[in-house]
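What the coordinates show
Now for the letters of each chain:
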Amino acid sequence: MPAPVAPAPRLTDSDAEIPDVATLLAAAVQAIGGAERPGQVTMAEAVEHAIESGEHLAAQAGTGTGKSLAYLIPAIRHAVAADTTVVVSTATIALQQQLVDRDLPRLAEALEPLLGKTLNFAILKGRRNYLCLHRVQTGAPEDPEEGLFDPQALSGLGRQIKRLHDWADETRTGDRDELVPGVGEQAWRQVAVTAKECLGAQRCPHGTTCFAEMARAEAGDAHIVVTNHALLAIDALEEFHVLPEHDVVVIDEAHELVDKVTSVDTDDLSGAAVETAARRCGRLIEEGLADRLQEAAESLKLLLNEQPAGRMDMLSAPLGETLAVLRDAAHACVSALGPEPKDGDPGDLAARRAARSSVEDVHDTAVRLLGAFEAELAKRWDVVWLEQHFEGKRPPTLHVAPIGVGGLLRASLFETRTAILTSATLTLGGSFEPLARQWGLPPLGSSATGAVAEASTVQPEPEPERTPASEPAADGGSAGGGEGTGADAAQKPGKERAKELRWSGIDVGSPFDHPRAGILYVAKHLPQPGRDGLPEVCLNEIAELIGAAGGRTLGLFSSMRAARQAAEELKERLDHPLLCQGEDSTSLLVKRFAEDERTCLFGTLSLWQGVDVPGPSLQLVIVDRVPFPRPDDPLSSARQRAVAAHGGNGFMAVAATHAALLLAQGAGRLLRSMDDRGVVAILDPRLVTARYGGFLKSSLPPFWTTTDPEVVRAALRRIDAD
């Protein structure tokens, strides 16, 4: 067992004059105009105990509990009293903005008389989230993008770039999320850089006015720093600090942590990416070396065009040879680029940085792809798959991702600082264990405290031991912004002392009376879902439910194909407006859905977790089927196989856990305020007929349950009439 680290810093005599958490919470609630709730108080006390003891905490708090205040108040007290920083990590832009634009400003004003000082807070994102003034001035490397040979597409891209240049003269933060409406990724790449491409504040002519550097400086002086899971993962992956020093981290929306970390630690390789690297290097090194890389790119493109899509368990000899040639050619280009000059024209330095970044990414990904096949299947820590884009919008692409991230989180997060993980959905099958094991936390011991359910039978997700030092570098741009090593990043000191992994779980409940406010209807009489789309009997069921509810329906489908089929076939049969995801931006569709009480909205994954519509506009949530991952999903299938190879139940540990989490999130769309009432209708009989149905059902809120369609339709008509 690793030696424990010391708990959070103790208060000094002068700091002890700061009121306790209960007093601060009461003052905050009064200033905001709300009312304290028992679950909020209980959670605040648990967070305070975790900070003081150094014991990790998993806190489930239902919608309406006020969990943001419950963790912010003890975090603020600790940060101010110990003169330190607490990091708050979220999964969504919406919650980041809520914290920085609404919650923290009001708390700072309300608590200043009690704290005796001003609360400083800041938001920090990956470097690619900020506009780069140097790139705006000098332009991006000339890299023709796939799919931009259409004159209309080129014209649209040009308009977006011009808009970005105009915005560069107006913005005070350079934060991409403040640009409304936004721009596409191709346009944004013309004005933003990764950390590897950044010249650094000392060399860049715009170093003193750099938006990313100003954000980092502001975060360095803050008591509370709000960031995202992607940057939190990059901080764990890299050998450099990208976040301020901190001893406590609060992870809100913690149910998304594994997916976000996996995304950051996923690399990809395509022929187009290799061609870009070769083109950038070709201007700076001997032509023959760049030609070798270009030839390897052409070979890779030919091979990938001939390969079937899907998971790759074996590396074919031709592909292995091509990857080895590509690796060696990329290494030769890196060597030819040589050490970076200490001074020179910033434009030339930027071009060299861009070339080095591209070719290093190609080399490192090729090395990782080759290494992924070296061990036998049961001992691999990476899975590789090929994605084919049949409409030609993107080239065939190899992806390599970690089978598990628990080891990384354990070594770089839980063993070095205290973590508070919270969400409305953390218990699956009545237990914290399924998610905790994916995070890398050990099974709960008998000494754990809090309202903890019995451990489930779900097996842990095994993974080989690996530390961040053995991880490939991750830029993280595809997961909401990357940071990487950076020219001016502070190198981490020697590894901190590992702390004992003690944790507790607590469910503080919900202010909602679920059995009185909501009904869980399982359509037991319907056939088990198949692969041939929604049958007519299912479409009839949806139409009858919507008719009884008078519209007011959010339809959550397991695929866009099913959502579109239902929308197309029901629009003519319903008396109410029906919107389908993809017809407009999701945010605008949700806005229209919320504003027109009789409107229905059908969609897929982002709607399962991203809709907050309190009031009469949402009184019926329809789920077409239990949302298991696709059987051919490369990552999920590899994880199931890894669990089975270690003697566990792969289906329950991976597929059922995934489905339970999404079901709980989807059902959570129904009750968003104390006055809400309605029905969650699941059109998949397996929820009550299959052996795993009990595990799934126990992951849902405790609604009153029925399988009688007449009962549920009558209830919907009564709700609609009120």
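Residues numbered from 1 in each chain as written. Predicted model: local features only at pLDDT ≥ 70, side-chain atom pairs only at ≥ 80, totals over all residues. Heavy atoms only, no water.

**Concerning the overall build of the chain**
- From N to C terminus, the chain includes 26 helices and 20 strands.
- Excluding contacts between residues fewer than 6 apart, the proportion of contacts in the chain whose partners are at least 24 apart in sequence is 79%.
- Counting only carbon and sulfur atoms, one obtains 50% of the accessible surface of the chain, whose full area is about 30500 Å². (Helix = DSSP H or I, 4+ residues; strand = E, 2+ residues; numbered from the N terminus. Contact = heavy atoms within 4.5 Å. Areas by Shrake-Rupley, 256 points an atom, 1.4 Å probe, with all protein chains shown as cover.)

**A word on the packing of helix H1 (residues 21–32) against helix H4 (residues 93–115)**
- Interhelical geometry of H1 versus H4 gives an angle of 135° and a closest axis separation of 9 Å. By the angle between their axes, H1 is oblique relative to H4. Handedness of the H1/H4 crossing: right-handed. Note on element contacts: H4 touches H1 through Arg-106, Leu-107, Ala-110, Leu-111, Leu-114 and Leu-115, opposite Leu-24, Ala-27, Ala-28, Ala-31 and Ile-32.
- Considering only residue class, the contact of H1 with H4 consists of ten nonpolar, no polar and one charged. (Axes fitted to C-alpha atoms, helices over the stretch in contact; angles between N-to-C directions. Parallel < 35°, antiparallel > 145°, perpendicular 65-115°, else oblique. Left-handed = near helix turned anticlockwise from the far one by under 90°. Nonpolar A, V, L, I, M, F, W, Y, C, P; charged D, E, K, R; others polar.)

**Topic: H1**
- The terminal C-alpha atoms of H1 lie 16 Å apart, and with twelve residues this matches the ideal 16 Å at 1.5 Å per residue to within 8%.
- Those residues of H1 that sit buried are Val-21, Leu-24, Leu-25, Ala-27, Ala-28 and Val-29.
- Immediately downstream of H1, the backbone of Gly-33 shows phi near 90°, a positive value. (Expected span 1.5 Å × (residues − 1). Buried < 20%, exposed > 50% of the residue type's maximum accessible area, 1.4 Å probe, protein only.)

**What about the packing of H1 against helix H2 (residues 38–53)?**
- Running from N to C, H1 and H2 point in directions that differ by 140°, and their axes come no closer than 10 Å. Considering their axes alone, H1 and H2 lie oblique with respect to each other. H2 is crossed by H1, and the crossing has right-handed handedness. Every residue of H2 that contacts H1 at Val-21, Leu-25 and Val-29 is listed here: Gln-40, Val-41, Ala-44 and Glu-48.

**Details of the environment of Thr-90**
- As for its position among the elements, Thr-90 is in strand S2 (residues 86–90).
- With relative accessibility at 0%, the residue Thr-90 sits in the buried group.
- In this structure the C-alpha to C-alpha distance between Thr-90 and Asp-252, which are 162 residues apart in sequence, comes to 5.1 Å.
- Contact partners of Thr-90, with chain neighbours within four places excluded, come to Leu-95, Gln-96, Leu-99, Thr-227, Asn-228, His-229, Asp-252 and Glu-253.

**Observations concerning the sheet that holds strand S8 (residues 310–312)**
- Taken in spatial order, the four strands make up an open sheet running S7-S10-S9-S8, and their pairing is antiparallel. The strands lining the two open edges of the sheet, one partner per strand, are strand S7 (267–270) and S8. Going across the sheet, the axis of each strand differs from the next one's by a mean of 30°, ignoring polarity.
- Pairing of strand S9 (residues 382–387) with strand S10 (residues 397–402) involves six bridges; the strand directions are antiparallel. Opposite Val-384, over in S10, you have Val-400 as the bridge partner. (Pairing = 2+ DSSP bridges.)

**With respect to the pairing of S10**
- Taken across its six residues, S10 has six buried, putting it largely inside the fold.
- Residues Thr-397, His-399 and Ala-401 point to one face of S10 and Leu-398, Val-400 and Pro-402 to the other, with burial holding for every one of them.
- Note that S7 and S10 share four bridges and pair antiparallel. Residue pairing in the sheet places Asp-268 in a bridge with His-399 of S10.

**Some points on the pairing of strand S4 (residues 224–228)**
- In terms of burial, S4 is a largely internal element, five of the five residues being buried.
- With burial as the criterion, each face of S4 is covered, one bearing Ile-224, Val-226 and Asn-228 and the other bearing Val-225 and Thr-227.
- The pairing of strand S3 (residues 121–123) with S4 spans three bridges and is parallel. The partner of Phe-121 across the bridge, within S4, is Ile-224.

**Topic: the nonpolar core**
- By size, the foremost hydrophobic cluster in this structure holds 98 residues, and its most contacted members are Leu-131, Phe-414, Trp-439, Leu-663 and Leu-696.
- It is helix H23 (residues 650–667) that contributes the most residues to this core, nine residues altogether.
- Ignoring sequence-local partners within four residues, the contact set of Leu-131 consists of Val-136, Leu-164, Trp-167, Ala-168, Gly-174, Trp-188, Val-191 and Phe-211.
- Ranked by size, the runner-up nonpolar core spans 44 residues in total, among them Leu-24, Ala-81, Ala-108 and Leu-111. (Core = buried A, V, L, I, M, F, W, Y, C linked by side-chain atoms within 4.5 Å.)

**Some details on H4**
- The end-to-end C-alpha separation of H4 is 29 Å, well short of the 33 Å expected for 23 residues at 1.5 Å each.
- In H4, a bend of some 35° at Leu-99 exceeds every other bend along the element.
- All of the buried residues along H4 are Leu-95, Gln-96, Leu-99, Val-100, Asp-103, Leu-104, Leu-107, Ala-108, Leu-111 and Leu-115.
- Buried residues along H4 sit against H1, helix H3 (67–82), S2, S3 and S4.
- Measuring from the backbone nitrogen of Leu-95 back to the side-chain oxygen at the start of H4 gives 3.3 Å, which picks out Thr-92 as the cap. (Bend = angle between axes of the 7 residues up to and from the residue. Polar contact = N/O pair within 3.5 Å; in protein donor to acceptor, adjacent residues only side chain to side chain.)

**Considering the confidence of the model for the chain**
- The predicted model of the chain has a mean per-residue pLDDT of 86, with 87% of residues at 70 or higher.
- Below a pLDDT of 50 lies the segment residues 1–14, which in the model reaches 29 contacts outside its immediate sequence neighbourhood of four places, other chains included.
- Taken together, the stretch residues 144–152 has pLDDT below 50 and engages in twelve contacts with residues farther than four places along the chain or on a different chain. (pLDDT = per-residue confidence, 0-100.)

**Concerning the layout of surface pockets**
- Its boundaries defined by the atoms lining it, the second largest pocket holds a volume of some 480 Å³.
- Taken together, 31 residues line the second largest pocket, and the ones lying closest to its centre are His-134, Arg-135, Thr-138, Val-193 and Ala-350.
- Elements supplying a minimum of two residues to the lining of the second largest pocket: helix H5 (133–138), helix H8 (211–220) and helix H14 (346–371).
- Residue composition of the lining of the second largest pocket, by class: 17 nonpolar, seven polar and seven charged. (1 Å grid on protein atoms, 1.4 Å probe; cavity = no way out; pocket = protein on both sides within 12 Å on 5 of 7 lines; lining within 4 Å. Points joined across faces, edges and corners; volume = space filled by probe spheres on them.)

**A word on the pattern of salt bridges**
- Per the stated rule, a full pass over the model turns up 33 salt bridges.
- Close ionic contact of Arg-127 with Glu-213 constitutes a salt bridge, the shortest N to O distance being 2.9 Å. Pair noted here: Arg-127 is in the loop between S3 and H5 and Glu-213 is in helix H8, with a separation of 86 residues, a long-range link.
- What makes Arg-127 buried here is its relative accessible area of 5%.
- On the basis of relative accessibility, which here comes to 16%, the residue Glu-213 falls in the buried class.
- Measuring nitrogen to oxygen at the nearest pair gives 2.8 Å for the salt bridge that ties Glu-710 to Arg-713. Residue Glu-710 and its partner Arg-713 are both found in helix H26 (residues 709–721); the two are separated by three residues, about one turn of the helix.
- Note on Arg-713: relative accessible area 12%, which makes it buried. (Salt bridge = Lys/Arg side-chain N within 4 Å of Asp/Glu carboxyl O.)

**Focus on empty space enclosed by the protein**
- Summed over all chains, the structure comprises five cavities of 30 Å³ or more.
- In this structure, the largest cavity spans a volume of roughly 100 Å³.
- Taken together, 14 residues line the largest cavity, and the ones lying closest to its centre are Leu-377, Arg-380, Asp-382, Ile-403 and Arg-641.
- Those elements giving two or more residues to the lining of the largest cavity turn out to be S9 and helix H22 (634–645).
- Classifying every residue of the lining of the largest cavity by side-chain character gives ten nonpolar, no polar and four charged.

**Section: a negative patch on the surface**
- On the surface, Glu-286, Glu-287, Asp-291, Glu-295 and Glu-298 cluster together into a patch of negative charge.
- Positionally, Asp-291 belongs in helix H12 (residues 287–306).
- Asp-291 sits in the partly exposed class, given a relative accessible area of 35%. (Patch = residues over 30% accessible without salt bridge, like charges linked within 9 Å, V, L, I, M, F, W, Y side chains within 5 Å. Lys, Arg positive; Asp, Glu negative; His and termini not counted. Charge placed at Lys NZ, Arg CZ, Asp CG, Glu CD.)

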